[in-house]
Amino acid sequence: MLFLGSLSDLVDTAEISLPAPLSWWQLLDAVPQTVAEQLQGERIHVACQGHVLRDKTALIALDGQEVALLPPVSGG
């Protein structure tokens, strides 16, 4: 799983490995509470294998699939 942007600062790493299959609820249990709270909001998106999920709660990542947590983009 990849933590992008400000999310990597919250967990102090850019990437972790989790056992597969990985569901939405397992993802929430695996990350720190501060990240789980943000993930449940509308501003954080989830991608699996490079495809942003319309319904992140439908996540099922299989062995070897990359999951990325995408915070809002900012900058100038």
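Note that the structure is predicted; figures quoted are calculated from it, not measured.

Reading guide: rules and limits
Residue indices follow the written sequence of each chain, beginning from 1 at its first position. Reporting in this predicted model follows two pLDDT cut-offs: at least 70 for local features of residues, and 80 or more for side-chain atom pairs to be given and counted; totals over whole chains, interfaces and linings ignore these cut-offs and use all residues. Based on all heavy atoms of the structure, the side-chain values leave hydrogens and waters out of the count. The numbering of helices and of strands both runs from the N terminus, where a helix is a DSSP run of H or I of at least 4 residues and a strand a run of E of at least 2. Among the buried residues, those of types Ala, Val, Leu, Ile, Met, Phe, Trp, Tyr and Cys that are joined through side-chain atoms within 4.5 Å form a nonpolar core. Think of it in three bands: residues with accessible area under 20% of the maximum for their type are buried, residues over 50% are exposed, and the middle band is partly exposed, with areas taken using a 1.4 Å probe on protein chains only.

Concerning unusual backbone geometry
Trans is the common state for peptide bonds, and a negative phi is the common state for residues other than glycine.
And then number 1: The peptide bond linking Ala20 to Pro21 adopts the cis configuration, its omega dihedral lying at -5°.
And then number 2: On the secondary structure map, Pro21 appears in the loop between helix 1 (6-11) and strand 2 (22-23).
And then number 3: One non-glycine residue, Asp12, lies in positive phi territory at about 60°.
And then number 4: Inspection of the secondary structure assignment puts Asp12 in the loop between helix 1 and strand 2.

As for the nonpolar core
Soluble, globular proteins show a tendency: their nonpolar side chains are buried together.
And then number 1: With 19 residues, the main nonpolar core has Phe3, Leu27, Val31, Leu39, Val67 and Leu69 as its most contacted residues.
And then number 2: Put simply, the parts of the chain that give this core at least two residues each are helix 1, helix 2 (24-30), helix 3 (33-39), strand 3 (45-48) and strand 6 (67-70).

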